[in-house]
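# Residue-level structural notes
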Amino acid sequence: MLIRKPDDIKSSEITPQGIYLRRREFMRAGSILAASMLLPNVADATARLSGVVQSRYSTPEEQTPYKDVTTYNNYYEFGTSKSDPAENAGSLRTRPWTVSVEGEIKHPKVWDIDALIKAFPLEQRIYRMRCVEGWSMVIPWDGFSLANLIRQAEPTSKAKYVEFTTLNDPQQMPGQRTSVLDWPYAEGLRMDEAMHPLTILSVGLYGQTLPNQNGAPVRLVVPWKYGFKGAKSIVRIRFVEQQPRTAWGRVAPSEYGFYSNVNPMVDHPRWSQATERRIGDFFKRKTLMFNGYGDQVAQLYRGMDLRKNF
Ligand code: MTE
């Protein structure tokens, strides 16, 4: 992101499998010990999600292995290197957890996370994900359409944007004790983007509850935008009249625009966005406009200058 160019990411940051396996063994041993001491088991907290149906919006492309999806992450609250979130986010307490839905709506509500997960039909959406740094993955997310939640909240005519705010807790999140970002992490969408059927709130991946490093207990997924739009560990969803400020927009407005649609024709000021490396591939591939979702989303931006509105 802001700190480093894609080429600066050393291959040593991708945890070698041996170390990963040893870490798993270590964590498992730790969790058995924790259970035997009647402490909450925080190390291996994922569980199978029930009632998830396959979505027609899924791509048939080869899925990125679970190991890569859960050990090569951006989650600056837990450190800035790719392996930090998997190493440090295990201790994040995701229960009890509430999500406040508020602002320009008729039915504000503070949702308990488990009630929220049960309230709307869960689907598995296998999406291409493109990070602004130049790598990509194919991830089977489990979640529900954000539009379902929005319809229930009944926005007023003043609701033009949706703001997503994530947990602010420097005690639990060591990265928040640094000023790498202006905390808490925040993101936003225009109302029609938020209502689009491809936009989901994810509560799981690969049929399991979301691992902490991927944004437990609930995170945003918008597959035609760069990955940083997908705010992790959301605590507040607010409907507003003015375009909200975003975490990356605050620290580097010339590099991270509000829209952040995947666009191979508009370079990041410090690197090209024309190609990407799918994690696991040796060769790079061409990046597709709107990350390949143009048929579904291009009409949202008709008449807009996408160089200005990057
Ligand atoms: N959400 C929070 N709260 N903090 C973060 O640092 N990083 C973003 C996004 N959501 C981030 C966040 C970035 S830069 C990316 S690319 C994606 O999460 C990565 O999601 P993944 O690790 O599940 O692939």
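Let us look at the structure shown here. (Residues numbered from 1 in each chain as written. Predicted model: local features only at pLDDT ≥ 70, side-chain atom pairs only at ≥ 80, totals over all residues. Heavy atoms only, no water.)

### Structural notes on the overall build of the protein chain
Put simply, the rule is: By definition, any uninterrupted DSSP run of H or I lasting at least four residues is a helix, any uninterrupted run of E lasting at least two residues is a strand, and each is numbered from the N terminus. Relative accessibility under 20% of the residue-type maximum defines a buried residue, over 50% an exposed one, and the middle range a partly exposed one, all with a 1.4 Å probe and only protein chains included. The contact rule is simple, with two residues in contact once any of their heavy atoms fall within 4.5 Å. The method behind every accessible area is Shrake-Rupley, applied with a 1.4 Å probe, and residues are considered shielded solely by the protein chains displayed.
Scanning the protein chain from N- to C-terminus turns up eight helices and 13 strands. Here the protein chain, with 310 residues, has 54% of them falling under the buried criterion. For the protein chain, contacts bridging at least 24 residues in sequence account for 72% of all contacts bridging at least 6. Summed over all atoms, the accessible surface of the protein chain reaches about 14,300 Å², with 54% contributed by carbon and sulfur.

### Overview of the sheet that holds strand E6 (residues 161–166)
Put simply, the rule is: Should DSSP find at least two bridges between two strands, the strands are regarded as paired. To get an axis, a line is fitted to the C-alpha atoms, and for a helix only the part in contact is used. The angle between two axes follows their N-to-C directions and goes from 0 to 180 degrees.
The five strands lie next to each other as E3-E2-E11-E6-E7, forming an open sheet whose pairing is mixed. Sheet topology places strand E3 (109–112) and strand E7 (186–190) at the edges, where each strand pairs with a single neighbour. On average, each strand axis in the sheet is tilted by 15° relative to the strand beside it, whichever way the strands run. In the sheet, strand E2 (residues 98–103) pairs with strand E11 (residues 234–240) via four bridges, with the strands oriented parallel. Along E11, the bridge assignment pairs Gly 103 with Phe 239.

### A short note on the site of the ligand
The criterion, for reference: Definition of nearness: a residue and a molecule or strand are near each other if at least one heavy atom of the residue lies within 4 Å of the molecule or strand. Whenever a nitrogen or oxygen atom comes within 3.5 Å of another N or O atom, the pair is scored as a polar contact, on the condition that within protein one atom can donate a hydrogen and the other can accept it, and that pairs from neighbouring residues in sequence are kept only if both atoms are in side chains. Cavity: a set of points on a 1 Å grid over the protein atoms alone where a 1.4 Å probe fits but cannot get out. Pocket: an open set with protein on both sides within 12 Å along at least five of seven lines, its lining residues, like those of a cavity, having an atom within 4 Å of a point. Put plainly, a molecule is in a cavity or pocket when over half of its atoms are within 2 Å of the grid points there. All residues other than Ala, Val, Leu, Ile, Met, Phe, Trp, Tyr, Cys, Pro, Asp, Glu, Lys and Arg, Gly among them, are scored as polar; the first ten of these are nonpolar and the last four charged.
Of all residues adjacent to the ligand, which total 17 residues, the nearest are Asn 73, Tyr 76, Glu 77, Gly 230 and Lys 232. In this structure, Tyr 76 approaches the ligand through a main-chain N or O atom, which is 2.7 Å from an oxygen atom. Arg 219 is positioned with one of its side-chain polar atoms (N or O) 3.0 Å from an oxygen atom of the ligand. Summarising the interface, the protein chains cover 97% of the accessible area of the ligand, which totals 540 Å² for the free molecule. With respect to the detected pockets, the ligand is housed in the largest cavity. Split by residue class, the shell around the ligand holds eight nonpolar, six polar and three charged.

### Considering helix H5 (residues 146–153)
Rule in force here: The directions from the helix axis to the C-beta atoms are what the arc is built from.
When H5 is considered as a whole, its buried residues turn out to be Leu 146, Ala 147, Leu 149, Ile 150 and Ala 153. End-on view of H5: buried residues confined to an arc of 160°, all on one side of the axis. Positioned one or two residues after H5, Glu 154 has a phi angle of 50°, which is positive.

### Describing the packing of aromatic side chains
Operational definition: Stacked, tilted and edge-to-face are the three classes applied to pairs of Phe, Tyr and Trp rings, where Trp contributes its six-membered ring and a pair requires centres within 6.5 Å; stacked means planes under 30 degrees apart, edge-to-face means over 60, and tilted covers the rest.
Within this structure, the stated rule accounts for 14 aromatic pairs. Each ring, one from Tyr 75 and one from Phe 78, has its centre 4.9 Å from the other, and the planes form 85°; the classification is edge-to-face. In this structure Phe 78 comes out as buried when scored by relative accessible area, which is 1%. For the ring pair Phe 258 and Tyr 259, a centre distance of 5.4 Å and an interplane angle of 90° mean the geometry is edge-to-face.

### Some points on the pattern of salt bridges
Our working definition: For salt bridges, the criterion is a side-chain nitrogen of Lys or Arg within 4 Å of an Asp or Glu carboxyl oxygen.
Applying the stated criterion across every chain yields a total of 19 salt bridges. Note that Glu 102 and Arg 236 form a salt bridge whose closest N and O atoms lie 3.8 Å from each other. Note that Glu 102 is positioned in strand E2 and Arg 236 in strand E11, a separation of 134 residues in sequence. On the basis of relative accessible area, Glu 102 is assigned to the partly exposed category, the value being 22%. On the accessibility criterion, Arg 236 (24% relative accessible area) is partly exposed. With its nearest N and O atoms 3.9 Å apart, the salt bridge here joins Arg 238 to Glu 102. Of this pair, Arg 238 sits in strand E11 while Glu 102 sits in strand E2; the two residues are 136 residues apart in sequence, bridging distant segments of the chain. Within this structure, Glu 61, Arg 128, Arg 130, Glu 276 and Arg 278 form a network of salt bridges that share partners.

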